[in-house]
Structures are given as C-alpha cells and as structure tokens.
Amino acid sequence: MNLMEYPDREMMMIDLANQLAGELNGCLMNHDTASFAVPGGTTPGPVFDTLSGTDLHWDRIHVMLTDERWVPETHERSNTRLLRERLLTGRAAMAHYVPLYAETETPEEAMEELTAGIIPELPISVLLLGMGADGHIGSLFPGADQLAQAMEADAPPLIAMRAPGAPEPRITLTGPVLSGAMSIHILITGEEKRETLERARKQDRLTAPVRAVLGAAKVHWAA
C-alpha cells in the first residue's frame, strides 16, 4: 500500500484527477481503448468534475461503475445518475459507458447480459475505489450474503449482493476483478476512514473487504 496524505481535500481531488488522467492517457498511448472503473457516492464528485473537462481521447475510454444499486437511473440513489451528472458530461460525454443496471426486477435476471459487457473490458486499466467506514469497497460489504463467493479466486466478474443495512439489492464487481486492475487508487477522507484503513491492514478480506486490494493500491487521504 502506498499512502498519500494531502493537506486539504481540494488539493487531493485535483491531484488525484490529474493522476488518473495521466494514467488513462498513458494507457491509450499503448492500447486502442482504456477501461476506467469508478465508485458511486458523493466523495469522488470533485474528482469527476475535474476529469470531465480534461482533454483526453474520451471516445476511446470505457467507463463503468464498480457497483450499482438495483434502482432505475432516474432514482435518487442511482450511482449511474450521479455518474452522468458529474463525470459523463463536458468532454467526457464522449466516453463509452458500460452499464451495471438493466430494467429487470432482480440483478440475477440481468447477470448474463451485464457480465457479457464487462468481460471485454478486463483487466481494468484504471480503477478508482472509495471505502466505507466498515471497510467495504464496491458493494463487497462485511456480512453480505455472497461476500465469500465474491472473494474467491474463481469468482465471476459480477455478483449480486444483499447486505444488512443496504435498502436495495446491489450488483458489484468481484474481488479478483478489482484486485486484478492494472492501476488501483482508493480515495478516503476523514479520521474515521483512516482508522478503518489502518485496522484493515491486519484483518482478513471477509472482515475488511478493502484488504483484497490494499497490496497494490495507492491510497489518497485528507482529513
């Protein structure tokens, strides 16, 4: 793990956006396309705002979420909705979006279709993750119904997840997909998550799922 501490959040968001843009550009210098996986939630919003105006070959960048709540895109809790508002706008509107939601009642019904869209993007070129105060990444929550399966080395790329405290089913990239990314960044803020991170270094992947990616990750933190 490479921990980068910043004096303030604004500087961190700008610096992280520049690093991500540089890595995406470097990937495109050697490949026809680059896959870019990002989290939902509000924390990465400022990073997305900066990236969306960056001069990249966005038409060759394939953007996907690390996980999605099983709600329509119009729903206020939809990660896709947030992504379209904050990242897939401006210059980045030209990016190709790889969905993690389909209009079915359950994620299981759309798993085959959505997995078929993800497989060509692997391994992920550049991965940005958030982390919860419980050590979860994506929708890999401690205590979730299929966490153990999602962490297996032979896990499928996508898995449906239901967890205590999560009001709706989720769909998420699995442990081996996340840990297999070519470049891994984790964005966290505040003392509570810093403490969670330090504990996770001594815990197993089922207790603290972030542990699955820590070895190769660059962690960006500001109070």
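Quick notes on the pairing of strand β8 (residues 170–173)
- The alternating pattern of β8 places Arg170 and Thr172 on one face and Ile171 and Leu173 on the opposite face, and all of these are buried.
- Judged from the three bridges that link them, strand β4 (residues 67–69) and β8 form a sheet pairing that is antiparallel. The residue of β8 that forms the bridge with Arg69 is Arg170.
- The pairing of strand β7 (residues 158–161) with β8 spans four bridges and is classified as antiparallel. Counted as the bridge partner of Ile159 is Thr172 from β8.

Points about the nonpolar core
- Residues Phe36, Val63, Leu83, Leu87, Leu173, Ile186 and Val210 are the most contacted members of the largest nonpolar core, which totals 75 residues.
- Setting aside its immediate chain neighbours within four residues, Phe36 contacts Leu20, Leu24, Leu51, Ile61, His62, Val63, Met64, Leu87 and Val126.

Describing the environment of Leu100
- Relative to the helices and strands, Leu100 resides in the loop between β5 (96–98) and α4 (107–118).
- Residue Leu100 is classed as buried on the basis of its relative accessible area, which comes to 0%.
- Separated by 38 residues in the primary sequence, Leu100 and Gly138 have C-alpha atoms spaced 12 Å apart.
- When near neighbours in sequence (up to four residues on either side) are disregarded, Leu100 contacts Leu65, Thr66, Asp67, Glu68, Trp70, Leu114, Ile118, Leu158 and Ile171.

Thresholds, definitions, all that
Residues numbered from 1 in each chain as written. Predicted model: local features only at pLDDT ≥ 70, side-chain atom pairs only at ≥ 80, totals over all residues. Heavy atoms only, no water. Buried < 20%, exposed > 50% of the residue type's maximum accessible area, 1.4 Å probe, protein only. Helix = DSSP H or I, 4+ residues; strand = E, 2+ residues; numbered from the N terminus. Pairing = 2+ DSSP bridges. Core = buried A, V, L, I, M, F, W, Y, C linked by side-chain atoms within 4.5 Å. Contact = heavy atoms within 4.5 Å.

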